[in-house]
Every structure is written in structure tokens, then in C-alpha cells.
Amino acid sequence: MWKTVSLIAVMTGGITLASPVTAQTVSPVCGDRTKVINSLSAKYSEEPVAVGVTANGGVIEVLKAPDGKTWTILFTSPNGASCLVASGEAWQELEVKLNGPHA
């Protein structure tokens, strides 16, 4: 929660705290991708570790701190707006398991 609030503050220039009822319906935090990436890097040491293109031409990125302590999922729409989708703590890599005839 504090990560999102501090990122909102960086992106909007201030902090507006919402009541628990309105917090459930808050719009996504969006902004310039470069500013968002730079802010996540400066505050949490997060860097992009995975990327994918969505069916509508948008880009999904997973960013995480080197120690996995924090992570963020960012969506950049085809029009260029980047929005936080999710963020959290304790990122863990899964072991790759091969399936099929070559496993």
C-alpha cells in the first residue's frame, strides 16, 4: 500500500489519502513510462525482468528488486500511458519444468 501511495505522490506531485471505501474504487495509477520506471528504480531498486505484448498491442512488464523483496507489474497501452497493475513483496522465481517428449 505505501509503495503505491508513494508512487502516486511521485507521479502527481502530492499525496491524497482516501477512505477505505473509496480506496477500493480508485483508478489505476498511470503516468509517463520513463518516470514510472525511474521512480521504481530509485525507490525500490526494481528493474524490468520480463516483458510481453498483449493482444491489443500493449506491453506488460514485470519489474522486481534484485533480492525479490518488491515487485511491480506495469501495463503500457498502445497510446503510451503506463499504468500500475499490481505490486507486492516476496517475489519468487519458479523452477522451470519441462513437459512433453523432451522432458
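As a reminder, the structure under discussion sits directly above these lines.
Residues numbered from 1 in each chain as written. Predicted model: local features only at pLDDT ≥ 70, side-chain atom pairs only at ≥ 80, totals over all residues. Heavy atoms only, no water.

The next point concerns the overall build of the chain. Of the regular secondary structure elements, the chain holds 3 helices and 5 strands. Starting at the N terminus, the α and β elements of the chain follow one another as α-α-β-α-β-β-β-β. Partitioning the intrachain contacts of the chain with sequence separation of at least 6 by distance along the chain shows that 33% fall at a separation of at least 24. For the chain, the computed accessible surface area is about 7,200 Å², with 59% contributed by carbon and sulfur atoms. (Helix = DSSP H or I, 4+ residues; strand = E, 2+ residues; numbered from the N terminus. Contact = heavy atoms within 4.5 Å. Areas by Shrake-Rupley, 256 points an atom, 1.4 Å probe, with all protein chains shown as cover.)

The subject of this paragraph is the side chain of E46. Summarising the element assignment, E46 is placed in the loop between helix 3 (33-44) and strand 2 (47-53). Accessibility expressed as a relative area gives 0% for E46, which makes it buried. Here T70 takes part through its side chain, which lies 2.7 Å from a polar atom of the side chain of E46. (Buried < 20%, exposed > 50% of the residue type's maximum accessible area, 1.4 Å probe, protein only. Polar contact = N/O pair within 3.5 Å; in protein donor to acceptor, adjacent residues only side chain to side chain.)

A few words on the environment of P48. Examined against the element boundaries, P48 turns out to sit in strand 2. As for P48 and A65, which are separated by 17 residues in sequence, their C-alpha atoms are 9.0 Å apart. If we ignore the near neighbours within four places in the chain, the residues touching P48 are I37, E61, V62 and L63.

A few words now on the sheet that holds strand 2. Taken in spatial order, the 5 strands make up an open sheet running 1-5-4-3-2, and their pairing is antiparallel. Each edge of the open sheet carries a strand with a single partner, namely strand 1 (30-31) and strand 2. Here strand 4 (residues 70-76) runs beside strand 5 (residues 82-89); their pairing, made up of 7 bridges, is antiparallel. From the neighbouring strand, T70 faces strand 5, where its bridge partner is E89. The strands touched by helix 3 within the sheet are strand 1, strand 2, strand 3 (59-64), strand 4 and strand 5, with strand 4 carrying the most contacts at an inclination of about 180°. (Pairing = 2+ DSSP bridges. Axes fitted to C-alpha atoms, helices over the stretch in contact; angles between N-to-C directions.)

The full count for this structure, using the stated rule, is 1 salt bridge. Notably, a salt bridge pairs R33 with E61, separated by 2.8 Å at the nearest N-O pair. In this pair, R33 sits in helix 3 while E61 sits in strand 3, placing the two residues 28 residues apart along the sequence. (Salt bridge = Lys/Arg side-chain N within 4 Å of Asp/Glu carboxyl O.)

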